[in-house]
Amino acid sequence: MIKNKFIVVEGLEGAGKTHACICIKNILNQCNIKNILLVRQPGSTPIAEEIRKLTKKNFNNDYLTKETELLLMYAARIQLVKKIIKPALDSGKWVISDRHNLSSLAYQGGGLGIKKNIITQLQTLFFQNLIPDLTIYLDVSPEIGLERAKKRNTLDQIEKRSLQFFKKTRKSYLKNIKKNKNTIIINANSKINIVTHNITKKILNWINKKII
Ligand code: T5A
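Just so we're clear, the structure is a prediction, and the values are computed from it rather than from any experiment.

Quick notes on the UniProt feature "domain: Thymidylate kinase-like" (unreviewed entry) in the protein
UniProt feature "domain: Thymidylate kinase-like" (unreviewed entry): in the numbering of this structure it lies at residues 9–199. Within residues 9–199, the helical portion is 57% and the strand portion 13%, while the C-alpha atoms at the span's ends are 11 Å from each other.

So this is what it looks like as structure tokens:
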């Protein structure tokens, strides 16, 4: 029996994170791990879902400053971690989170240009003891990811940002992911069945290592 784990899935819009989270849950289920909670960031509590709406909304004569956006992402994360993720992990559940701290480093740090040390200070201040056991980074090119997102529905305020913004965001992801412990990088530009196959292979490998 493996002890419960905190798994995070990261990547740009359209990388396939939602699909990957469900896929990981199914693989864990097949390995007889049933007690699993799926969450998304920002969101997954009533207050955090309201914050999510706020970050995506178009304000005609106003806008969120980059600092406000960063703090809103952290406000939503604190709500979710304190009220849902920590209690779930403490009670022995596995948690799979669609995004976590790396998203803030990539979007608000890399994309919007907020200094990394400001973001890492927030991280240390609020989540020092919550380090993901595994992070899966789905690496998609911004062009392909945004094309998929466009096909799905109309773009929100973050998704409407320039290609340059998403290029900087991806660059930051790739830089930070290298320093991140326990990370698996998956090429998410491929067809969905190939991505699913690769996720399955890597997750099974990871679980087997944990059992041995
Ligand atoms: N944000 C979030 C920050 O700026 N800072 C933060 O700290 C945090 C936590 C969240 C927004 O908030 C920002 C980032 C985001 O802009 P969101 O709606 O949750 O908003 O955005 P995403 O998390 O990016 O969600 P998406 O749904 O856009 O992307 P997913 O979940 O990666 O992609 P998925 O699985 O929904 O797939 C999208 C579409 O592509 C298809 C799917 O079928 C679907 O139609 N698809 C593929 N098609 C072909 N080939 C593949 N390999 C495919 N994979 C998926």
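So, the environment of Leu125
With respect to the helices and strands, Leu125 occurs in helix 5 (residues 116–127). Spatially, the C-alpha atom of Leu125 lies 24 Å from that of Asn4, the residues being 121 residues apart in sequence.

Structural notes on the UniProt feature "binding site: ATP" (unreviewed entry) in the protein
The feature "binding site: ATP" (unreviewed entry), as given by UniProt, occupies Gly11, Leu12, Glu13, Gly14, Ala15, Gly16, Lys17 and Thr18 in the numbering adopted here. Counting through the fold element by element, Leu12 comes out in the loop between strand 1 (6–11) and helix 1 (17–30). Exposure remark for Leu12: the relative accessible area of 1% places this residue in the buried category. When near neighbours in sequence (up to four residues on either side) are disregarded, Leu12 contacts Lys17, Arg99, Tyr107, Leu138, Val140, Pro142, Phe166, Thr169, Arg170 and Tyr173. Mapped onto the secondary structure, Ala15 falls in the loop between strand 1 and helix 1.

Some points on unusual backbone geometry
Negative phi is the rule for most residues except glycine; trans is the rule for most peptide bonds. In this structure, the amide linkage connecting Gln41 to the following residue, Pro42, adopts the cis form with an omega of -10°. By the element assignment, Pro42 lies in the loop between strand 2 (36–40) and helix 2 (46–56). The backbone of Asn32 sits at a positive phi, close to 70°, despite the residue not being glycine. Given the relative accessible area of 58%, Asn32 is considered exposed. Unusually for a residue other than glycine, Asn182 sits at a positive phi of about 50°. With respect to the helices and strands, Asn182 occurs in the loop between helix 7 (163–179) and strand 5 (183–187).

Let's talk about the nonpolar core
With 55 residues, the main nonpolar core has Ile24, Leu28, Ile85, Leu138 and Ile199 as its most contacted residues. No other element matches the eight residues that helix 3 (residues 66–90) contributes to this core. Beyond its immediate sequence surroundings of up to four residues, Ile199 is in contact with Ala20, Cys23, Ile24, Ile27, Leu138 and Ile186.

So, the site of the ligand
Close to the ligand lie 28 residues, the nearest being Lys17, Thr18, Arg99, Ser104 and Arg152. Between Lys56 and the ligand, the recorded distance is 2.9 Å, taken from a side-chain N or O atom to an oxygen atom. In this structure, a nitrogen atom belonging to the ligand sits 2.9 Å away from a main-chain N or O atom of Ser190. Considered on its own, the ligand offers 1000 Å² of accessible surface; in the complex 84% of this is hidden by protein. Every element with two or more residues in the shell around the ligand is listed here: helix 1, helix 2, helix 3, helix 4 (101–111), helix 6 (142–152) and helix 8 (192–211). If one sorts the elements of the shell around the ligand by residue count, helix 4 sits on top with four residues.

Rules used throughout
Residues numbered from 1 in each chain as written. Predicted model: local features only at pLDDT ≥ 70, side-chain atom pairs only at ≥ 80, totals over all residues. Heavy atoms only, no water. UniProt positions renumbered as here; feature names shortened; annotations may be inferred. Helix = DSSP H or I, 4+ residues; strand = E, 2+ residues; numbered from the N terminus. Buried < 20%, exposed > 50% of the residue type's maximum accessible area, 1.4 Å probe, protein only. Contact = heavy atoms within 4.5 Å. Core = buried A, V, L, I, M, F, W, Y, C linked by side-chain atoms within 4.5 Å. Near = heavy atom within 4 Å. Polar contact = N/O pair within 3.5 Å; in protein donor to acceptor, adjacent residues only side chain to side chain. Areas by Shrake-Rupley, 256 points an atom, 1.4 Å probe, with all protein chains shown as cover.

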